[in-house]
Amino acid sequence: MGSRLGGIFWSLIFLAVPVLGVATFAVAPSYNIWLPKNVSEHGPSIDSLFMFILALTGVVFVVTEVLLFWFLWKYDAAKAKGPATYIHGSHTLEVVWTIIPAATLLFLAIYQMNTWADVKMRRPAMSPTVEVVARQFEWRLRYPGRDNMLGTRDDLFLTNDLHLPVDEDILIQLKSMDVLHSFFLPNFRIKQDAVPGMKIPVWFKATETGAFDIVCAELCGWGHYKMKGRVTIESRADFDRWLEETYARQEATQPASEDITASAAD
Amino acid sequence: MNRFSHVAFLPIAVLAACLLSVGCGKTPSASYRLNMVEATKQRLTPDQERQVATVLLAMFGTPDNPVVLPETGLDEAKLRLASGPVRSDIVGRKNGLYREHCAHCHGVTGDGMGPTAAFLNPYPRDYRPGVFKFKSTERADKPTHADMLRILRNGIAGTSMPSFALLSEPKIDALAEYVKYLSIRGETELALMRAYFELDDDAKGILPETREFLVDETLTPVAEKWKSAPAAQIVVPDMPADIDLAESIAKGRELFYGDKANCVKCHGVTGLGDGQANDYDDWNKAIVEINKEVKSGLAKTGETSTSGMSAEDAAEHRQQVAWLGKFSDVIDGDALKPRTIPPRNLRVGIYRGGRRPLDLYYRIHAGINGAPMPAAKGTVPPEDIWHIVNYIRSLPYEFDGELGADKPMVARDRF
Amino acid sequence: MSTVTASTLSQGTATTLPPARKPRPVAEFLSTYVFSKDHKVIGLQFLFSTLLWFLIGGLLALAVRWQIAWPWSDVPVLGKLFAQQGGQMSPEFYTMLFTMHASVMIFLVIIPILAGAFGNFLIPLMIGADDMAFPTLNMLSYWFMWPAFLLFGASFFVEGGAASGGWTSYPPLSTNMNSSPGMGMGQTLWLLGLTMVGISSMLGSVNYLTTIILMRAPGMTMFRLPMTIWAMFITAILQAFALPVLTAAGFMQLSDRMLGTGFFSPEGNIVNNALTGSGGGQPLLWQHLFWFYSHPAVYIMILPAMGMVSDILTTFARKPLFGYRPMVYSIAGIAGLGFIVWGHHMFMSGMNPALGVTFMVSTMMIALPSAVKTFNWLGTVWGGRIQFTTSMLFALSFVSMFIIGGLSGIFMAATPVDIFIHDTYFIVAHFHYVLFAGTAMGVWAAIYFWFPKMFGRTMNEFWGKVHFFLTFIFLNGTFFTMHILGAVGFPRRLADAYHYETFHHLQPLNAFMTWCAIGMVATQVIFASNFFWSMFFGPIAGRNPWNSNTLEWTAPSPPGHGNFDFQPVVHRGPYEYSVPGADKDHLMQTDPPNALAAAAAAAAH
């Protein structure tokens, strides 16, 4: 029926699960394999929820897995003497381990509703800062221009290169031209599917300047992986200046100087 | 536990390991594909095809190792960056850009027939004829380097050509250079294949493999066209300042519907691009015409019987049938199914070659090389072209107020 | 094979010989082994077919892993298809690989192996019946899988390749012939194949429900059924109620694609410069219909394994199941709640965010019955006398790995956290833990456990343990680190993620995971060798090699037609191990009532 050595070996294999499991999560951040830097206002509440659930599930994980190891170690047929304990269950235990998890889970659910509402339900009353239209396989952007209205002649059209002001409420109007895409800003903890036929508002506030990734997070065809955009957060002054410059380039009636010197040097 | 069974597993495991390793040989390196459509059209023999391939190998190298002759005027360092296999496991690798970003649509050879190409609408560009649509030079001239960079940076709106603006400048530069390299190679290949027809009988169907013939007479004229592109850049007059926008638009509208520019013939009286629907761009037209020729040839040879012909004529007839069959196979296997090119719908506000007024001026002035869009140069004076440009730019917003800017999913609002 | 049945025995010796029949070898071979109506043969047919597709699905996964680890490098074997590019696969090929990996694993492996192979083989044996209620329907349920096999298989060879819109097949990507290569004929064949699998499952579920309700042996009350049967029973209910929705949705998608209807396409939708369909529809409608089936489907894909693991744990711990009734109610709870949680797949989809709140609550609550089951398994192991057989090791690893898979689900149930981890590798980690580290380990446990009953011989224990050890190590190496990848936000379904600043340092980790995956698939050679070798040359097994209690162990190994050579009568529940005062350490369900043991049992409670 197997030796004691076998029992020890297999119990230790199962002990490796919680040990290595915890070790992986403990070591990962030092290799920069962890939540990316957060630069949005609501990001910390999402991150803290993640950590809270991690702690909670971590405790349950360690306790249950260690118990499993302990039982395998202690109740190995090659070690334990006499017959097994003949018991069909314990009503008390069933009640305890039903009520406590139920309460915990319900608490968890209710505890998070506010954060969800902040990110997805409480839209700020403002007109869109920019319209993002997802398309196979790029992010087409449209700024409303000086009249602050989308769909007029002074709109600014761009691809993939999103600029936004820092420390201000931002409202993005998200659309799709063809199939489902998903507007994912890892550093802002923002994700929203872009659905053709729908105009979906996305809002957040950036707290730091810098350049960050825009990733498509819903399979949209062969080019899903290359739907890379960049969001640049800058001061309001820089942002306004960039808008002016880009608009001027869009309305150019003469070639830019670099277009002429580059070709002359050719 | 059966001791024997311990041992018995070994042969099974070994056998399995052998089977697994069968598939583990490395795939041979990427290679250029010969332009079979042209080769068949020129009725090249297998030996001649081999000669072309060998010559091209010597003059241009392989996708992993490009050869850069000084006559091409290309920068070797940039080509090294763009060529070669992608090796994502090597941090900070120094090449493979084209294969990573472009080859699956444009093909390793730049023939517009990568694995994804058949599923794209419109098809990706075939660089080999050396014809490019969206540029700042006169119709028949090559694009400038800046034009190539612009296309890479902005992509081509409304097509599958994406924007590469998020790549660093050196990378975009390298890719543009590599596209020129593939185009020069492709045009040289065409010139070589066509040269067989010009040979006199002494040559016995073999091209002279002298530097004079190959480089000076064949490659250099192709490369020169690229070098002279900047000189052919369209000089654009300033937009007329003495006329207000509404008036300019009205004038543009007259011209749009008038006889000189005759835009409505293709773009339709509605501007929706429904004026006509059965023209082809040059790349597709070539295949369509070959298709017609092959079909009619097959029909004719099918009707003719060889009885009553002299031995010579009969042999020629058989050769013709064989050639037609081969051509038909090549068209099926080595070319994409032809598609018509619809005239642009001007009411959506998507402009493939760029949306600046300047870009629209270029399109109208020089037309679009390779497409049925004609050049207005010569027929329409420059200020009038600006009026047409202003009218075009107003088209997506023409019914504002009537239909309302807030009406959802209006064509223009689809962006 | 014994053809003696209870009825001939009770009549005494037969007095008249049946008339001699002309031998018809081909017809008899076909009706015995090919178009058999014997549930055991059908179960084995399912087993062999699904194990073959398991191999195919695993190889597809290796190709996916290769690209993730070393994007655009020369792919072994498949690189020959891309010789022009030097072996570098095209992006659409990658989308096809992960689509077909998931589709094959879910529809051609896990669902049929649990219900079709084990359900079929075990249900009549464990309830004491001589076959299923509808043997012909049962045979059809297997043979409907063959069109599915052929359709899925053929889809690899059509123009554009096999379906490439993800196994979730969301429109408008999937309703458009030209939205991506593989969305032409490949996607159509995929939809048709799915319909066939659906029909097969629906036929099966009707059979299982009828058999379990009506054909139990005398004395086999519902609460004396082994957990395997309870699990199969409730799984069959799930299939019966959920599958029609998927089938209908599949038809709607087929209709959008081929007849130009617009169930899922919004008006004026233009994809790849081609106008699509008539419009007037909603992409979200598909998601609701699809997930209304596919969420219960994930429970279809685990409940049978949970049931089987319960039976295996009790056998090798020599202990009754801890909390039999709570376990039954938990299974029912999982199934019931499983119908009201589908929206948690759609938190980011653009559906009304208020639904995010309701689905978060129901999804959190569905963790509860799974937790209760886990605690009861721990309670079963506690105080036992554990025998570390291969089957037991796999069953224990089911519990251990399911804990991980279940706990990771809580992160996704948390809607705000899901904003970040949706469509990342965190999700991939979760479902591979429950489906592979959970169900597949449970399937292997079941194979090692019931192999003697199926083939009359036992599998080799030493190589079984080697198989377990290597699989366990490699699977954790492959899948555990996916949790931290997900924490970075590493997205799913990307052919090359390293050109994003956020992800470009993750290539070495992915390479490590791919090596583990290769090791994992290579290890299965050991299993396959063991399986086929033992079938012919393994040591002969008696009726009850594991000294287990349930009814199938009273039948011969393998059982003949009619299963039992006596009429089983049930006197007790299935988990009477180590009953104080009994003369052996297990009392089989058919053992006559033992007054001493009964008294001791009453005293022990």
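Residues numbered from 1 in each chain as written. Chains lettered and ligands numbered in written order. Predicted model: local features only at pLDDT ≥ 70, side-chain atom pairs only at ≥ 80, totals over all residues. Heavy atoms only, no water.

Chemist: Explain the overall build of chain A here, please?
Modeler: Counting secondary structure elements, chain A contains six helices and 10 strands. Over its C-alpha trace chain A gives a radius of gyration of 28 Å, far above what one expects of a compact globule, namely 18 Å for 266 residues. When the backbone C-alpha atoms are referred to their principal axes, chain A occupies close to 95 × 50 × 35 Å. With 266 residues in all, chain A has 56% of them scored as buried. For chain A, the exposed surface amounts to about 10,800 Å²; the carbon and sulfur share of it is 64%. Averaged over its 24 positive side-chain charges, chain A has a centre that lies 8 Å from the centre of its 29 negative ones. (Helix = DSSP H or I, 4+ residues; strand = E, 2+ residues; numbered from the N terminus. Rg over C-alpha atoms; globule rule 2.2 N^0.38 Å. Buried < 20%, exposed > 50% of the residue type's maximum accessible area, 1.4 Å probe, protein only. Areas by Shrake-Rupley, 256 points an atom, 1.4 Å probe, with all protein chains shown as cover. Lys, Arg positive; Asp, Glu negative; His and termini not counted. Charge placed at Lys NZ, Arg CZ, Asp CG, Glu CD.)

Chemist: Is there a simple way to explain the interface of chain C and chain A in this structure?
Modeler: Reports of interface size often rely on the accessible area that becomes lost once the parts have come together. Contacts between the two partners involve 114 residues from chain C and, on the opposite side, 95 residues from chain A. Remark: the boundary between chain C and chain A carries one salt bridge. In this structure, Lys-228 of chain A engages Glu-501 of chain C in a salt bridge whose closest nitrogen and oxygen atoms are separated by 3.9 Å. In terms of residue count, the dominant contributor to the side of chain C that touches chain A is helix α12 (residues 353–381) of chain C (15 residues). Residues belonging to the side of chain C that touches chain A are distributed by class as follows: 71 nonpolar, 31 polar and 12 charged. (Contact = heavy atoms within 4.5 Å. Salt bridge = Lys/Arg side-chain N within 4 Å of Asp/Glu carboxyl O. Nonpolar A, V, L, I, M, F, W, Y, C, P; charged D, E, K, R; others polar.)

Chemist: Explain the interface of chain B and chain A here, please?
Modeler: In this complex, chain B contributes 42 residues to the contact, which on the side of chain A involves 32 residues. Carbon and sulfur atoms make up 52% of the area that chain B and chain A hide from each other, which totals about 3,400 Å². At the surface where chain B touches chain A, the tally comes to one salt bridge. One salt bridge connects Arg-393 of chain B with Glu-251 of chain A, and the closest N-O pair in it is separated by 2.4 Å. Our count for the contact surface shared by chain B and chain A stands at nine residue pairs in polar contact (both at pLDDT 80 or more). For the side of chain B that touches chain A, the element with the highest residue contribution is helix α7 (residues 145–154) of chain B, accounting for four residues. Broken down by class, the residue content of the side of chain B that touches chain A amounts to 20 nonpolar, 11 polar and 11 charged. (Buried area = accessible area lost by both parts, 1.4 Å probe. Polar contact = N/O pair within 3.5 Å; in protein donor to acceptor, adjacent residues only side chain to side chain.)

Chemist: Sorry, what's going on with the pairing of strand β3 (residues 156–159) of chain A here?
Modeler: Residues and elements named next belong to chain A. Every second residue of β3 is oriented toward a common face, with Leu-156 and Leu-158 on one face and Phe-157 and Thr-159 on the other, all of them buried. Inspection of the sheet shows strand β2 (residues 138–143) paired to β3 by four bridges, in the antiparallel sense. The residue of β3 that forms the bridge with Arg-140 is Thr-159. (Pairing = 2+ DSSP bridges.)

Chemist: Looking at this structure, how should I read helix α3 (residues 39–69) of chain C?
Modeler: For an α-helix the count is 3.6 residues per turn, leaving residues at separations of three or four pointing the same way. Residues and elements named next belong to chain C. With 31 residues, α3 extends 44 Å between its outermost C-alpha atoms, agreeing within 8% with the 45 Å of an ideal straight helix rising 1.5 Å per residue. Judged by how many residues are buried, α3 sits mostly within the fold: 26 of 31 residues are covered. Sitting at the amino-terminal end of α3 is Asp-38, which places a side-chain oxygen 2.8 Å from the backbone nitrogen of Lys-40. (Expected span 1.5 Å × (residues − 1).)

Chemist: Explain the packing of aromatic side chains to me, please; I cannot follow it from the model alone.
Modeler: A ring pair, where both rings are aromatic, is described by two values, the distance of the centres and the angle of the planes. Scanning the model with the defined rule gives 98 aromatic pairs over all chains in all. Look at Trp-97 of chain A and Phe-375 of chain C: their rings are 5.4 Å apart centre to centre, the planes differ by 40 degrees, and that puts the pair in the tilted class. You can see Trp-97 of chain A sitting in helix α3 (residues 91–111) and its partner Phe-375 of chain C sitting in helix α12, one on each of two chains. Here Trp-146 of chain C and Phe-149 of chain C contribute two aromatic rings whose centre-to-centre distance is 5.3 Å and whose plane-to-plane angle is 80 degrees, an arrangement assigned as edge-to-face. With Trp-146 of chain C and Phe-149 of chain C both in helix α6 (residues 145–155), this residue pair falls three residues apart, about one helical turn. With relative accessibility at 33%, the residue Trp-146 of chain C sits in the partly exposed group. Above the face of the Trp-73 of chain A ring, Arg-4 of chain A is positioned so that its terminal group lies 5.1 Å from the ring centre. (Phe/Tyr/Trp six-rings, centres within 6.5 Å; stacked < 30°, edge-to-face > 60°. Lys NZ or Arg CZ within 6 Å of the ring centre and 35° of its normal.)

Chemist: When you look at the pairing of strand β7 (residues 190–194) of chain A in this model, what are you seeing that I'm missing?
Modeler: Regular strands have side chains that alternate between both faces of the sheet. All names here are of chain A. The buried fraction of β7 is high, at five of five residues. Residues Ile-190, Gln-192 and Ala-194 point to one face of β7 and Lys-191 and Asp-193 to the other, with burial holding for every one of them. For strand β6 (residues 181–185) and β7, the ladder comprises five bridges, and the chain directions are antiparallel. From the neighbouring strand, Phe-184 faces β7, where its bridge partner is Lys-191. In this antiparallel pair of consecutive strands, β6 and β7, the connection spans four residues, and Arg-189 shows a positive phi of 55 degrees.

Chemist: Could you clarify how one ought to interpret helix α13 (residues 311–334) of chain B in this entry?
Modeler: Residues and elements named next belong to chain B. Taking 1.5 Å per residue as the helical rise, α13 with its 24 residues ought to reach 34 Å, and the 34 Å between its terminal C-alpha atoms agrees with that figure. Buried within α13 are the following residues: Ala-314, His-317, Trp-323, Leu-324, Phe-327, Val-330, Ile-331 and Asp-334. Contacts from the buried residues of α13 go to α2 (36–41) and α12 (282–303).

Chemist: What should I look at first to understand the sheet that holds strand β8 (residues 200–205) of chain A in this one?
Modeler: Where strands meet in a sheet, backbone hydrogen bonds hold them as pairs that are either parallel or antiparallel. All names here are of chain A. On the basis of which strands lie adjacent, the open sheet formed by five strands has the order β3-β2-β1-β5-β8 and mixed pairing. On the outer flanks of this sheet lie β3 and β8, each paired with one strand and no other. Recorded for the sheet is a direction-independent mean angle of 25 degrees between the axes of neighbouring strands. Together, β2 and β3 form the strand contacts of helix α5 (residues 236–250), whose direction differs from that of β3 by roughly 95 degrees. (Axes fitted to C-alpha atoms, helices over the stretch in contact; angles between N-to-C directions.)

Chemist: Help me out: how do you make sense of the pattern of salt bridges in this one?
Modeler: A side chain with one charge can pair with a side chain of the opposite charge if their charged atoms come near. For the coordinates displayed, the defined rule picks out 41 salt bridges over all chains. Between Arg-140 of chain A and Glu-138 of chain A there is a salt bridge, with its nearest N and O atoms 2.7 Å apart. Look at Arg-140 of chain A and you get buried, because its relative accessible area is 10%. On the accessibility criterion, Glu-138 of chain A (2% relative accessible area) is buried. With its nearest N and O atoms 3.6 Å apart, the salt bridge here joins Arg-33 of chain B to Asp-334 of chain B. Here Asp-334 of chain B lies in helix α13 and Arg-33 of chain B lies in the loop between α1 (3–22) and α2, a separation of 301 residues in the sequence.

Chemist: Help me understand the packing of helix α8 (residues 227–259) of chain C against helix α10 (residues 303–317) of chain C in this model?
Modeler: For any two helices packed against each other, the geometry comes down to the angle between their axes and how far apart the axes lie. Residues and elements named next belong to chain C. Between α8 and α10, the shortest axis-to-axis distance is 7 Å and the interhelical angle comes to 175 degrees. Classified by the angle their axes make, α8 and α10 are roughly antiparallel. From α8, Met-227, Thr-228, Ala-231, Met-232, Ile-234, Thr-235 and Leu-238 reach across to α10, where they touch Leu-303, Pro-304, Gly-307, Met-308, Ser-310 and Asp-311. Classifying every residue of the contact of α8 with α10 by side-chain character gives eight nonpolar, four polar and one charged. (Parallel < 35°, antiparallel > 145°, perpendicular 65-115°, else oblique.)

Chemist: Could you clarify how one ought to interpret the confidence of the model for chain C in this entry?
Modeler: When pLDDT drops low, the exact placement of atoms in the prediction is not to be read closely. All names here are of chain C. Summing up the model confidence of chain C, the mean pLDDT is 92 and the portion of residues at 70 or higher is 95%. Note on residues 6–13: pLDDT under 50 across the span, and three contacts to partners over four residues away in sequence or across chains. In the model output, the complex is listed with pTM 0.92 alongside ipTM 0.94. (pLDDT = per-residue confidence, 0-100.)

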